[in-house]
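Secondary and tertiary structure notes
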Amino acid sequence: MWLRCTSKCVFASLSRSYNNVLSRSFNIAAFMPEAAGFEGVSDRAALQEFSLSNSDHFWAAVARHRLTWISPFHTVQDCDLSRGRIKWFEGGKLNVSVNCLDRHVHTCPEKVALIWERDEPGSEVKVTYRQLLDMTCRLGNLLRRRGVKKGDCVTIYMPPCPLAVASMLACARIGAAHNVVFAGFSAEALAERIRDAQSSTVITVNQGVRGGRVIELKKTVDTAVEGCPSVKQVFVAMRTENPVVMTDRDVSMEEEMKLEDAVCEPAAMDSEDVLFLLYTSGSTGKPKGLVHTQAGYLLYALLTHRYVFSYHDGDVFGCVADIGWITGHSYSVYGPLANGGTTVLFESTPVYPNPGRYWEMVQRLRINQFYGAPTAIRLLLKYGDHWVHKYDCSTLKTLGSVGEPINTEAWEWYHRVVGDGRCPVVDTWWQTETGGICIAPRPSDPDAEIVPGMAMRPFFGMKPVLVDGEGKLLTSNNTSGPLCLAQPWPGMARTIHNNHQRFIETYCQPYPGYFFTGDGAHRSEEGYYQITGRLDDVINVSGHRLGTAEIEDVVNHCPAVAESAVIGYSHDVKGQAVYAFVVLKKEVGVPEEDLSQLLKDMVSKSIAKYACPDQIQFVQRLPKTRSGKIMRRVLRKVVEQDLGGLGDLSTLDDPAAVQEIVQGHQDLC
Ligand code: WTA
């Protein structure tokens, strides 16, 4: 159970008086140059207010100042949340790769763009802006020569590495969309995403290396593409020296890149052309391909990267998320590169070769902002403070947390031990759908007070609201409810690939006029936001989003299974773990342990290892309402061992089912 935190951050009071001085002498031109002309804006609060009440003016100024346009936009935004229409910067043309590369090559070609922190500590590779542009152009030319056209979608199945980033940017350069699939997903999950995206080209590596183990990524792709008739070619980069079987379909990426020209004409893209698809789990059905477009996404990623983390030119930004997730997209790749920053690509794990890995890396790479997930922090704190104290982490200035609620213990440890009580911890709330951070403690004021475990304040132009069950606005403080976003922002997803109706039903219809996030939140007495968790059947395992329906789908495919219900339950390291209740068909004749293992293997094979149920309980029947709906609330209470909280069971079809399940659960524990 996460505790609501009330204790204030230690340095908050110290900085408050300093704060007052600061706000009096607030220099807007130094803080946000494009805001200098905003009428009546002389302090931070006024700037925040301006970004909401003069949203078009705010975003137009930022877009003109921060992006390099081929031709200017004529309309700042044309959005109607109730109908799912979202358009920003129409009429404008630009190229995202030019914004991330060429303009920095112009001013600082030898600046390091990427630090590839390879699995083996001490073997990092630095790539300058000039080198990254060279790679991107060669790859862009190769893709073009091999028939990839503007509007096509290329699937990328690679671990974090410079060639993966170059692949994303090469797509952007020639106007193709990319679809990065986390390299921990199974062949089946990959195939499903390739089919939905209708990719004809897949980019991968021969093998991955993680935590000292070799992972056969090319083999996984081979298996996946067998079921994907759209795939015509697979580009294979060499991460290790081990040869892999190459078929007629396969292309040796590095060898072919050498033959290409290092100059590649960037495509002039409309602001609303697709930049990428990224699949994520929903509460029902198959994962959905969220669509992000060019200008708005890039602008939102770069602005949040700079302001939420107080990123300054010359800083080294260390986001340890995989590029297969939105955090990797926005804060390992697009945000930092659009800002001309130096960004780390982390290939390893927090405990390889030992639990000091992150902090040894911070010391060696002189990282200034570290951005990671609470699950890793919870794991590392168990190993003790000495793993942090062994290393010099004095370069750190800001610590970020993302993906799931950060509990007080983890927050305190991160702040006190890793940040030496000196570095602010910014708990950032956002989603694949939002493109970038929406709520974070210090979006507009690098000295603002921070309350542990709270995301706190909306970013510029963001208007979070809480609603009640009927969709009415909850206007007072100290209240909780479904979290919605009341004003469109440039970074938001535009649709679900091939299914705009699902987009409207999921995000726009639950609370008309608002974008519904699927999360609940509490607004404190002071007006700060704390995320309380998902309101739907999406669970969060080690910071990875999973739909319980996806797991049930796999389990139900086993011929021995009649039906199943999957829920998430609290886990002290992973945040949530997967618990499956399974009803077997009569006379299966296989021992339960064997079946249990079989079901776990099926989930690994169909989705990914992290989706595997931690517990499988075989039951005679599931608690259902008279209309046949599974009462998951009851199952959750049983697993939490909160029998007093079972609530009203009168709508149950067969109340005896609960007793059996309680008994079975106790036996399992
Ligand atoms: C959860 C990851 C609490 C939330 C960027 C959201 C969080 C889902 C936080 C999105 C946070 C993300 N505190 N919960 N700071 N950040 N979440 O799409 O439930 O992988 O809806 O994006 O993660 O997960 P996604």
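This is a predicted model, so every value here is computed, not measured.

Quick look at the overall build of the protein chain
Across its full length, the protein chain holds 21 helices and 32 strands. Taken against the 2.2 N^0.38 rule, which gives 26 Å for 669 residues, the C-alpha radius of gyration of the protein chain at 25 Å falls within 12% of a compact globule. Evaluated residue by residue, the protein chain yields a buried proportion of 61% over its 669 residues. For the protein chain, the proportion of contacts with a sequence separation of at least 24, taken over those separated by at least 6, is 70%. Summed over its atoms, the accessible surface of the protein chain is roughly 25500 Å², and 51% of this surface lies on carbon and sulfur atoms. With 68 positive and 76 negative side-chain charges, the protein chain shows a spacing of 2 Å between the two charge centroids.

A few points about the site of the ligand
Around the ligand, the surrounding shell holds 17 residues, and the nearest of these are Asp-427, Thr-428, Thr-432, Asp-519 and Arg-545. In the model, an oxygen atom of the ligand is placed 2.8 Å from a nitrogen or oxygen of the Arg-534 side chain. Out of a free accessible area of 520 Å², the ligand has 95% covered by protein chains. Every element with two or more residues in the shell around the ligand is listed here: helix 12 (326–338), strand 20 (425–428) and strand 27 (529–534). Taken together, the residues of the shell around the ligand break down into six nonpolar, six polar and five charged.

Some words on the sheet that holds strand 14 (residues 274–280)
With mixed pairing, the eight strands of this open sheet are ordered in space as 12-11-8-6-7-14-15-25. The open sheet has two edge strands with one neighbour each: strand 12 (250–252) and strand 25 (495–496). Looking at chain direction, strand 6 (residues 153–157) and strand 7 (residues 177–180) are connected through four bridges and run parallel. Its bridge partner being in strand 7, Cys-153 is matched across the sheet by Ala-177.

With respect to the confidence of the model for the protein chain
Averaged over all residues, the pLDDT of the protein chain equals 94, while 96% of them reach at least 70. Element-level pLDDT for the protein chain is lowest in helix 1 (residues 10–24), with a mean of 43, against a maximum mean of 99 in helix 7 (residues 162–174). Note that residues 1–23 has pLDDT below 50 and, in this model, 44 contacts with residues that lie over four places away or in other chains. We note a pTM of 0.94 for the whole complex and an ipTM of 1.00 for its interfaces.

Thoughts on the pattern of salt bridges
Counting across every chain of the model gives 35 salt bridges. Its salt-bridge partner being Arg-145, residue Glu-256 comes within 3.0 Å of it at the nearest N-O pair. You can see Glu-256 sitting in helix 10 (residues 253–258) and its partner Arg-145 sitting in helix 6 (residues 129–145), a full 111 residues away along the chain. Ionic pairing is found between Lys-397 and Asp-315, a salt bridge with its closest N-O pair at 2.8 Å.

Details of the UniProt feature "domain: Acetyl-coenzyme A synthetase N-terminal" (unreviewed entry) in the protein chain
This chain's UniProt record puts "domain: Acetyl-coenzyme A synthetase N-terminal" (unreviewed entry) on residues 46–100. Structurally, residues 46–100 comprises 45% helix and 15% strand, and the distance from its first C-alpha atom to its last is 31 Å.

Things to note about the UniProt feature "domain: AMP-dependent synthetase/ligase" (unreviewed entry) in the protein chain
As recorded in UniProt, the feature "domain: AMP-dependent synthetase/ligase" (unreviewed entry) lies at residues 102–489. The distance separating the terminal C-alpha atoms of residues 102–489 is 27 Å; by composition the span is 32% helix and 23% strand.

Describing the environment of Thr-280
Relative to the helices and strands, Thr-280 is located in strand 14. Classification of Thr-280 as buried rests on a relative accessible area of 7%. Between the C-alpha atoms of Thr-280 and Leu-546, which are 266 residues apart in sequence, the distance is 7.9 Å. The residues contacting Thr-280, other than those within four sequence positions of it, are Pro-287, Lys-288, Leu-290, Thr-432, Glu-433 and Arg-545.

Quick look at the packing of helix 5 (residues 96–107) against helix 11 (residues 294–308)
Each pair of packed helices can be summarised by the angle the axes make with each other and by the distance between the axes. Packing of helix 5 against helix 11 leaves a shortest axis separation of 9 Å and a crossing angle of 45 degrees. By the angle between their directions, the pair helix 5 and helix 11 is classed as oblique. Of the residues in helix 11, those touching helix 5 at Val-96, Asn-99, Cys-100 and Arg-103 are Gln-294, Leu-298 and Leu-302.

Examining the side chain of Thr-428
Locating Thr-428 in the fold gives a position in strand 20. For Thr-428, the side chain forms a polar contact with the main-chain oxygen of Ser-401, separated by 2.8 Å. Here Thr-428 is in contact with Val-308, Phe-309, Tyr-371, Ser-401, Val-402, Ile-437, Ile-439 and Ala-440, once residues within four sequence places are set aside.

Some words on the packing of aromatic side chains
Taken as a whole and assessed by the stated rule, the structure comprises 41 aromatic pairs. A ring pair is formed by Tyr-331 and Trp-430, whose centres lie 5.1 Å apart and whose planes are at 85 degrees; its orientation type is edge-to-face. Of the two residues, Tyr-331 sits in helix 12 while Trp-430 sits in the loop between strand 20 and strand 21 (439–440), which places them 99 residues apart along the sequence. Relative accessible area serves as the criterion here: at 0%, Tyr-331 is assigned to the buried category. Over the ring of Phe-31 we find Arg-44, and its NZ or CZ is 4.8 Å from the ring centre.

What about unusual backbone geometry?
Negative phi values dominate among residues other than glycine, just as trans dominates among peptide bonds. The peptide bond linking Tyr-352 to Pro-353 adopts the cis configuration, its omega dihedral lying at 0 degrees. As for its position among the elements, Pro-353 is in the loop between strand 17 (342–346) and helix 13 (357–365). The backbone phi angle of Asp-420 is positive, close to 55 degrees, even though this residue is not glycine. Relative to the helices and strands, Asp-420 is located in the loop between helix 16 (408–418) and strand 20. For Asn-478, which is not glycine, the phi torsion reads 55 degrees and is therefore positive. On the secondary structure map, Asn-478 appears in the loop between strand 23 (464–466) and strand 24 (479–485).

So, the sheet that holds strand 23
Read from one edge to the other, the open sheet built from four strands follows the order 23-24-26-27, with strand pairing classed as antiparallel. If you trace the sheet from one side to the other, it starts and ends with strand 23 and strand 27, each paired once. Ignoring which end each strand starts from, the neighbouring axes of this sheet average 45 degrees apart. Inspection of the sheet shows strand 26 (residues 515–523) paired to strand 27 by five bridges, in the antiparallel sense. Of the residues in strand 27, the one forming a bridge with Asp-519 is Arg-534.

Describing the packing of helix 14 (residues 374–383) against helix 16
It is at 9 Å that the axes of helix 14 and helix 16 come closest, and there the two elements cross at 70 degrees. Between helix 14 and helix 16, the crossing angle belongs to the class labelled roughly perpendicular. Contacts between helix 14 and helix 16 involve Ile-377, Arg-378, Leu-380 and Leu-381 from the former and Glu-409, Ala-410, Trp-413 and Tyr-414 from the latter. Taken together, the residues of the contact of helix 14 with helix 16 break down into six nonpolar, no polar and two charged.

Let's talk about helix 3 (residues 44–53)
What helix 3 keeps buried is the set Arg-44, Leu-47, Gln-48, Phe-50 and Ser-51. Taken down its axis, helix 3 places every buried residue within 160 degrees of arc, on the same side. Packed against the buried residues of helix 3 are helix 2 (28–31), helix 4 (55–66) and strand 22 (457–458). Between a side-chain oxygen at the N-terminus of helix 3 and the backbone nitrogen of Ala-45 the separation is 3.4 Å; the capping residue is Asp-43.

Rules used in this analysis
- Residues numbered from 1 in each chain as written.
- Predicted model: local features only at pLDDT ≥ 70, side-chain atom pairs only at ≥ 80, totals over all residues.
- Heavy atoms only, no water.
- Helix = DSSP H or I, 4+ residues; strand = E, 2+ residues; numbered from the N terminus.
- Rg over C-alpha atoms; globule rule 2.2 N^0.38 Å.
- Buried < 20%, exposed > 50% of the residue type's maximum accessible area, 1.4 Å probe, protein only.
- Contact = heavy atoms within 4.5 Å.
- Areas by Shrake-Rupley, 256 points an atom, 1.4 Å probe, with all protein chains shown as cover.
- Lys, Arg positive; Asp, Glu negative; His and termini not counted.
- Charge placed at Lys NZ, Arg CZ, Asp CG, Glu CD.
- Near = heavy atom within 4 Å.
- Polar contact = N/O pair within 3.5 Å; in protein donor to acceptor, adjacent residues only side chain to side chain.
- Nonpolar A, V, L, I, M, F, W, Y, C, P; charged D, E, K, R; others polar.
- Pairing = 2+ DSSP bridges.
- pLDDT = per-residue confidence, 0-100.
- Salt bridge = Lys/Arg side-chain N within 4 Å of Asp/Glu carboxyl O.
- UniProt positions renumbered as here; feature names shortened; annotations may be inferred.
- Axes fitted to C-alpha atoms, helices over the stretch in contact; angles between N-to-C directions.
- Parallel < 35°, antiparallel > 145°, perpendicular 65-115°, else oblique.
- Phe/Tyr/Trp six-rings, centres within 6.5 Å; stacked < 30°, edge-to-face > 60°.
- Lys NZ or Arg CZ within 6 Å of the ring centre and 35° of its normal.
- Arc of directions from axis to C-beta.

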